[in-house]
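Residues per chain are reported as follows:
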Amino acid sequence: MGNCNETKQKIRVGLLFGSVSSEHEVSLVSAAAWAGALGELTEKYEVILVGITKAGRWLRYGGPIDAIRDGSWERDASCVSCVISPDRGDHGLLVRTPDGCRVERLDVAAPILHGKNGEDGTIQGLLELAGIPYVGCGVLASAVCMDKTVANTLMDAAGVPHCRWCYAIRAEAEQSMHALLDRVEGRLGYPVFVKPANAGSSVGISKAHNRSELQNAIAVALREDDKVVFEEFIDGQEVECAAIGNPGDPGTVSATRPGEILAGDEFYTYDDKYKNGVSQVVIPARLPEQKLDEVRAAAVHAYLALGCTGLARCDFFVERATGRVLCNELNTMPGFTPISMYPKLMEQEGLSFSALADRLIGLALAKKKGAY
């Protein structure tokens, strides 16, 4: 018989932050919030902080949480070079020491990384190779939701309503610009939204009102990616749901009632989301109860259709003239900053930040193996 005084071994969580991404700074703020939340659960979790610099260096960090938030963590004396080992025998980090490397086992990883090289399937693939369970969507769903052309195609196939759209590759824009402009104008008209297929969080997005602006918007989008997505303008309320659960047990997948974004600009920009705090959040959204429930159901439909796991923020338009509920996109690692919608929606449902982090780690450990 075991000693009744034995304490249960803590779960070792590798909290990843930073990354080579246009959303590096947002990741720092989100990860600091996660570190603070898990700090309230010290009886259950041991947190190992792993920062990734903009240059792509991996550093095991042992300093204060505030230094993560303001970016000064990189200069802290506690930083030691490390990598996640793809060898499943290691099942964790290889940390450099004066004598070589030591192995630090991880039970689970929380990749609180936004944008490219974070929520696009790349880190997820490394964690799959390492055999380390991780918070959030798998390789396929992460890559799908990051690439708007693939996500829109799958939504079409699954019957998830969304706006009319088309796309172009870089070669078409460079070699047949006039034909491309004619095609977009003929199919979608003005105004039209122009987006890089792979960027995330409104980076590189423009709203074009005429041919000149459309051509300029294409150039802006191509700075971020080799594919450009064009979407018709929808005159509607921008609303967002927080979805949670594993598709291996679809009956347990749920979504909150939506909140509403009152954008501080002509559309909900990157700065609105993460920097200037000009946009306002209304929870629940200013919609009739029946429409709130319709958006919530549509979020679960989209979440399952795109194979999401763990969590996603599901963004919708509710068209003013018709009441149509149209999916805009799913974000597989939404922001966890003090002004971010996902944790605010969950808090409204009675789930504190620490309880939410605990739930998401539990979902990661319970995840069934599959294509997602």
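Definitions and limits used
Residues numbered from 1 in each chain as written. Predicted model: local features only at pLDDT ≥ 70, side-chain atom pairs only at ≥ 80, totals over all residues. Heavy atoms only, no water. Helix = DSSP H or I, 4+ residues; strand = E, 2+ residues; numbered from the N terminus. Expected span 1.5 Å × (residues − 1). Buried < 20%, exposed > 50% of the residue type's maximum accessible area, 1.4 Å probe, protein only. Phe/Tyr/Trp six-rings, centres within 6.5 Å; stacked < 30°, edge-to-face > 60°. Lys NZ or Arg CZ within 6 Å of the ring centre and 35° of its normal. Axes fitted to C-alpha atoms, helices over the stretch in contact; angles between N-to-C directions. Parallel < 35°, antiparallel > 145°, perpendicular 65-115°, else oblique. Contact = heavy atoms within 4.5 Å. Nonpolar A, V, L, I, M, F, W, Y, C, P; charged D, E, K, R; others polar. Pairing = 2+ DSSP bridges. Core = buried A, V, L, I, M, F, W, Y, C linked by side-chain atoms within 4.5 Å. Salt bridge = Lys/Arg side-chain N within 4 Å of Asp/Glu carboxyl O.

1. So, helix 12 (residues 353–366)
Okay, step 1: Between its first and last C-alpha atoms helix 12 spans 20 Å; for 14 residues at 1.5 Å apiece the expected length is 20 Å, and the two agree.
Okay, step 2: Three or more residues of helix 12 are buried, namely Ser354, Leu356, Ala357, Leu360, Ile361, Leu363 and Ala364.

2. Some remarks on the packing of aromatic side chains
Okay, step 1: Under the counting rule described, the total for this entry stands at seven aromatic pairs.
Okay, step 2: With centroids separated by 6.2 Å and ring planes inclined at 20 degrees, the aromatic side chains of tryptophan 165 and tyrosine 167 adopt a geometry described as stacked.
Okay, step 3: A centroid spacing of 5.7 Å and a plane angle of 50 degrees characterise the contact between phenylalanine 336 and phenylalanine 353, whose relative ring orientation is tilted. Placement of phenylalanine 336 in the loop between strand 17 (325–331) and helix 11 (341–348) and of phenylalanine 353 in helix 12 is noted, with a sequence separation of 17 residues between them.
Okay, step 4: The class of phenylalanine 353 is partly exposed, set by a relative accessible area of 25%.
Okay, step 5: In textbook terms, an aromatic cluster arises when at least three aromatic residues are bridged by ring pairs, as seen for Trp34, Phe336, Tyr342 and Phe353.
Okay, step 6: Here the guanidinium or amino end of lysine 367 rests over the ring plane of tyrosine 134, the centre of that ring lying 3.9 Å away.

3. What about the packing of helix 4 (residues 139–146) against helix 5 (residues 148–158)?
Okay, step 1: Packing of helix 4 against helix 5 leaves a shortest axis separation of 5 Å and a crossing angle of 100 degrees. Of the possible angle classes, the one that applies to helix 4 and helix 5 is roughly perpendicular. Contacts between helix 4 and helix 5 involve Val144, Cys145 and Met146 from the first element and Lys148, Val150, Ala151 and Leu154 from the second.
Okay, step 2: Residues that form the contact of helix 4 with helix 5 fall into these classes: six nonpolar, no polar and one charged.

4. Section: the sheet that holds strand 7 (residues 108–111)
Okay, step 1: The strand order 6-5-4-3-2-1-7 describes an open sheet built from seven strands, whose pairing is mixed. Pairing within the sheet leaves two strands with one partner each, and these edge strands are strand 6 (100–105) and strand 7. Ignoring which end each strand starts from, the neighbouring axes of this sheet average 35 degrees apart.
Okay, step 2: Bridge count for strand 5 (residues 92–97) against strand 6 is six bridges, and the pairing is antiparallel. In the strand pairing of strand 6, glycine 92 is matched with arginine 105.
Okay, step 3: Running over the sheet, helix 12 touches strand 1 (11–18), strand 2 (45–52) and strand 7 and is turned about 125 degrees from strand 7.

5. Some remarks on the nonpolar core
Okay, step 1: By size, the foremost hydrophobic cluster in this structure holds 39 residues, and its most contacted members are Trp34, Trp73, Val135 and Leu360.
Okay, step 2: Excluding residues that lie within four positions of it along the chain, leucine 360 makes contacts with Trp34, Val135, Ile244, Gly310, Leu311 and Phe336.

6. Structural notes on the pattern of salt bridges
Okay, step 1: Under the counting rule described, the total for this entry stands at 25 salt bridges.
Okay, step 2: A salt bridge links lysine 148 to glutamate 329, with the shortest nitrogen-to-oxygen separation between them at 3.8 Å. Of this pair, lysine 148 sits in helix 5 while glutamate 329 sits in strand 17, and the two are 181 residues apart along the sequence.
Okay, step 3: Given the relative accessible area of 8%, lysine 148 is considered buried.
Okay, step 4: With its nearest N and O atoms 2.7 Å apart, the salt bridge here joins arginine 170 to aspartate 226.

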